[in-house]
Amino acid sequence: MKISSNPYRGGQKLIPEAPFPSTDAARVAALLGQCPAAAETPLTQVGGLADVANLWVKDERGRMNLGSFKALGAAYVIARHAADISGAPDDTTLTGRTYVTASAGNHGMSVAAGARIFGADAVVYIAETVPESFADRLRSQNARVVRQGVDYAASMEAAAQAARDNGWTLLSDSSWPGYYELPHILMEGYLQMAAEAVRQCPQVPTHIFLQAGVGGLAGAVAAYARDVWKDAPQIIVVEPEAAPALQASIEAGACVFADGPDSVMGRLDCKEPSLIALNGLARDADMFLTLSDEEVLRYLPAMAKAGIATTASGGAGIAAVMNSNVRTELGMGPEARVLCFLSEIAE
């Protein structure tokens, strides 16, 4: 476990050319209101897991029947494109357009589902190590699956090259120099769950724990929480010890590549942060925290017993709250009111 405070909190952009995350939740809600599957997900008070007054868990496992919060990301971008063409988009609005991405998990499902709904094509590049069961899930959404590359980074480069070669739309859930527009819209989609959580919380939380890979979920939720709740909650970002991309970048004062071994928190095992998320979290987060695989895995059985079964990636923020050493280091007493996000279904 390593905890770092954020010296940039409330300040200017860490990456001057990259934008801050959007906070326009009303724009998201207006579009999702046209989607019958876009039902609100529950906020559950979970007792017995940590010595805190309240542990509120925003449960994203049922989001739009895709199993994770990522349903609000790429699919939202594609829906936005369809709405820009037609105020009332249908299943042929984007016929002839192809979206391409790389994925080792839920982002690819969101691209595939969004493309299917609006008549576009989806091509998803996956690495050699990605299970065939995931490839089958993508194909069930009519996506074309291409295996290329030894890891996610190699698959993303292959997807980017395919976009250039074929005139396809590259739709990543990360951002890098020169690639900001689509990931900015994608992160905006995540505001829906943040806005729901704000409405559902009976009191303002004292602490918000947000697990992070490239930082899209954490950056979007933190930006909205600060917009609504100002400085009231302490916001803590949780990353794998093997991939402290955001923590290392904050410590360096610049975007850095945080290399390390593979983590069981596979969805969070991202070695380089999204620049939009890094900007937002440098402004909005108070603390950056890393946990080892063992420090997360030990708490998953108790989560399952409490009715919130998930993966190590989906429950990393909750695991941090359950860790008494974390609570001690952060000065969290039994009066703490904590908000966490359960980001995906158990595998």
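Every chain is numbered independently, its residues counted from 1 as its sequence is written. Per-residue local features are limited, in this predicted model, to residues with pLDDT of at least 70; the limit for side-chain atom pairs, both in listing and counting, is 80 or more; totals at the level of whole chains, interfaces and linings are taken over all residues. Side-chain measures here rest on the full set of heavy atoms in the structure, leaving out hydrogens and waters.

Novice: Looking at this model, I keep getting lost on the packing of helix H1 (residues 25-32) against helix H2 (residues 74-85). Mind explaining?
Specialist: The axes of two packed helices give the description: the angle between them and the distance between them. Note on method: axes are straight lines fitted to C-alpha atoms, helices fitted across the in-contact stretch only, with angles between N-to-C directions ranging 0 to 180 degrees. We count a stretch as a helix when DSSP gives it H or I for four or more residues in a row; a strand needs E for two or more, and each element gets its number in order from the N terminus. Where H1 meets H2, the axes come as close as 11 Å, and the angle between the chain directions of the two elements is 75°. In terms of orientation, H1 and H2 fall into the roughly perpendicular class. Seen from H1, the contacting residues are Arg27, Val28 and Leu31; seen from H2, they are Tyr76, Ala79, Arg80 and Ala83. Relative orientations are named as follows: roughly parallel for angles under 35 degrees, roughly antiparallel for angles over 145 degrees, roughly perpendicular for angles from 65 to 115 degrees, and oblique for any other angle. Throughout, a contact is declared for two residues whenever any of their heavy atoms are within 4.5 Å.

Novice: Even after reading the chapter, I still don't get the packing of aromatic side chains, so can you show me in this structure?
Specialist: Two numbers describe a pair of aromatic rings. These are the distance of the centres and the angle of the planes. Any two rings among Phe, Tyr and Trp, with Trp reduced to its six-membered ring, count as a pair given centres within 6.5 Å; such a pair is stacked if its planes are under 30 degrees apart, edge-to-face if over 60, and tilted if neither. Enumeration according to the criterion identifies two aromatic pairs in this entry. Ring geometry for Trp176 against Tyr179: centres 4.5 Å apart, planes inclined by 15°, an arrangement best described as stacked. Three labels apply to residues, based on accessible area from a 1.4 Å probe with only protein chains included: buried if under 20% of the type maximum, exposed if over 50%, partly exposed otherwise in between. On the accessibility criterion, Tyr179 (12% relative accessible area) is buried. Only lysine NZ and arginine CZ atoms are considered, and such an atom sits over a ring when it is within 6 Å of the ring centre and within 35 degrees of the ring normal. When the ring centre of Phe20 is taken as reference, the NZ or CZ atom of Lys13 above it lies at 5.6 Å. Over the ring of Phe20 we find Arg283; its NZ or CZ atom is 4.2 Å from the centre of that ring.

Novice: Even after reading the chapter, I still don't get the pattern of salt bridges, so can you show me in this structure?
Specialist: When the charged atoms of two side chains lie near each other, side chains of opposite charge can form a pair. Any carboxyl oxygen of Asp or Glu within 4 Å of a side-chain nitrogen of Lys or Arg constitutes a salt bridge here. Applying the stated criterion across every chain yields a total of 18 salt bridges. Between Arg164 and Glu157 there is a salt bridge, with the nearest N and O atoms lying 3.1 Å from each other. The exposure class assigned to Glu157 is partly exposed, which follows from its relative accessible area of 45%. One network of salt bridges, with partners in common, ties together Arg9, Arg226, Asp231 and Asp286.

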